[in-house]
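Inside the fold
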Amino acid sequence: MSWVARALICLILGTPLAAQAQAPAWTVLEESTVGFTAYQSGAPVDGLFQTFKAEVLFAEENLEQSRIAVTVDIASVDSQSNDRDQTIRSANLFNVAEWPNGRFVSERITKTGAGMFEAHGKLTLRDVTREVTLPFQLTVDQDPIDVQRWRANAWGDLKIMRLDYGIGQGLWQDTSVVGNEVLIRINITAWRPKE
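Residues numbered from 1 in each chain as written. Predicted model: local features only at pLDDT ≥ 70, side-chain atom pairs only at ≥ 80, totals over all residues. Heavy atoms only, no water.

Turning next to the overall build of the protein. Along its length, the protein carries two helices and 11 strands. Listing every helix and strand of the protein by position from the N terminus yields α-β-β-β-β-β-β-α-β-β-β-β-β. Element-wise, carbon and sulfur atoms account for 53% of the exposed surface of the protein, whose accessible area totals about 11,200 Å². (Helix = DSSP H or I, 4+ residues; strand = E, 2+ residues; numbered from the N terminus. Areas by Shrake-Rupley, 256 points an atom, 1.4 Å probe, with all protein chains shown as cover.)

What follows is the structure, encoded as structure tokens:
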């Protein structure tokens, strides 16, 4: 479709042409992390997922077309305990043999303050999908390694209840030892070329 045709369609629909432009894509760097904090006997237990894929289309001036999608390989969990990691992968918790991935997909992103945003979307764990809101902070600066690129860092926590997703079958439904509340922690570093 030509630029003129797109402009006419936007004019007829009453939608600004700029709002139709796709937000720029960012390349997520390996130093990024997706982790969690759970609670065992009241004490925090931190862990990371070693393997995940994040797709980021983002521009603060074009939040309407900005999108975030993160897919996590649950089997890549690392909580600094092999026995605990095996339990997390087991049928009674995540059941990675049947549902190997967790996924978050944003549906809209809103700005809540200077450098502060919320990603409203859907989180799927163990084949259960629920609507969630992920608050995050964002900084964007010139890349110190390459002045032709922007470098961004986004971080935030998402609180969920594991039983809402069926993460806890049989005896694991008891929250007296392993708490129901879990914090999912994201820390994403990415770059994109300057326009």
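Here we come to the environment of Met161. Along the chain, the position of Met161 falls in strand E10 (residues 149-161). Met161 sits in the partly exposed class, given a relative accessible area of 30%. It is 6.1 Å that separates the C-alpha atoms of Met161 and Val182, two residues lying 21 residues apart in sequence. If we skip the residues at most four places from it in the chain, Met161 touches Asn180 and Glu181. (Buried < 20%, exposed > 50% of the residue type's maximum accessible area, 1.4 Å probe, protein only. Contact = heavy atoms within 4.5 Å.)

With that out of the way, let us pick up the side chain of Ser76. Within the secondary structure layout, Ser76 lies in the loop between strand E5 (67-73) and strand E6 (77-78). Using a relative accessible area of 10% as the deciding quantity, one classes Ser76 as buried. For Ser76, the side chain forms a polar contact with the main-chain nitrogen of Gln50, separated by 3.1 Å. Polar contacts involving the side chain of Ser76 include one to the main-chain carbonyl oxygen of Asp73, which spans 2.6 Å. Contact partners of Ser76, with chain neighbours within four places excluded, come to Leu48, Phe49, Gln50 and Thr51. (Polar contact = N/O pair within 3.5 Å; in protein donor to acceptor, adjacent residues only side chain to side chain.)

Bringing the pairing of strand E2 (residues 33-40) into the picture now. Examined bridge by bridge, E2 and strand E11 (residues 181-193) share five bridges and lie antiparallel to one another. Considered in E11, the bridge of Thr33 is made with Asn187. Pairing geometry for E2 and strand E3 (residues 43-49), over six bridges, is antiparallel. Across the sheet, Ala38 pairs through a bridge with Val45, a residue of E3. (Pairing = 2+ DSSP bridges.)

Right, let's talk about the pattern of salt bridges for a bit. Applying the stated criterion to the full structure yields five salt bridges. A salt bridge links Glu31 to Arg151; the nearest nitrogen and oxygen atoms lie 2.8 Å apart. Note that Glu31 is positioned in the loop between strand E1 (25-28) and E2 and Arg151 in strand E10, a separation of 120 residues in sequence. Here Arg149 and Asp143 are joined by a salt bridge, their closest N and O atoms 2.8 Å apart. (Salt bridge = Lys/Arg side-chain N within 4 Å of Asp/Glu carboxyl O.)

Next up on the list: the nonpolar core. Ranked by internal contacts, the top residues of the largest apolar core, which has 39 residues, are Phe58, Ile109, Leu123, Phe136 and Ile160. Those elements giving two or more residues to this core turn out to be E2, strand E4 (52-57), E5, strand E7 (101-113), strand E8 (116-125), strand E9 (128-142), E10 and E11. With five residues, E11 is the single largest residue contributor to this core. (Core = buried A, V, L, I, M, F, W, Y, C linked by side-chain atoms within 4.5 Å.)

In this section: the pairing of E3. Within a regular strand, side chains alternate between the sheet's two faces. From the end of E2 to the start of E3, which pair antiparallel, there are two residues, and Ser41 there has a positive phi angle of about 55°. Two strands pair when backbone bridges link them, and E3 and E6 are joined in this way by two bridges, in the antiparallel orientation. In the sheet register, Leu48 faces E6, and the bridge partner there is Asp78.

Here the protein averages 91 in pLDDT, while 90% of its residues score no lower than 70. Confidence over residues 1-19 falls short of pLDDT 50; this stretch has 14 contacts with residues more than four positions distant or in other chains. (pLDDT = per-residue confidence, 0-100.)

Before going further, it helps to spend a moment on the packing of aromatic side chains. Scanning the entire structure with this criterion turns up three aromatic pairs. With centroids separated by 5.5 Å and ring planes inclined at 45°, the aromatic side chains of Phe36 and Phe49 adopt a geometry described as tilted. Placement of Phe36 in strand E2 and of Phe49 in strand E3 is noted, with a sequence separation of 13 residues between them. Residue classification places Phe36 among the buried residues on the basis of a relative accessible area of 10%. By relative accessible area, which is 11% here, Phe49 ends up buried. One aromatic cluster is present, formed by Phe58, Phe117 and Phe136 through successive ring pairs. A cation over a ring is seen here: Arg149 above Trp191, with NZ or CZ 4.1 Å from the ring centre. Geometry around Trp150 places Lys194 over its ring, the cationic atom sitting 4.6 Å from the centre. (Phe/Tyr/Trp six-rings, centres within 6.5 Å; stacked < 30°, edge-to-face > 60°. Lys NZ or Arg CZ within 6 Å of the ring centre and 35° of its normal.)

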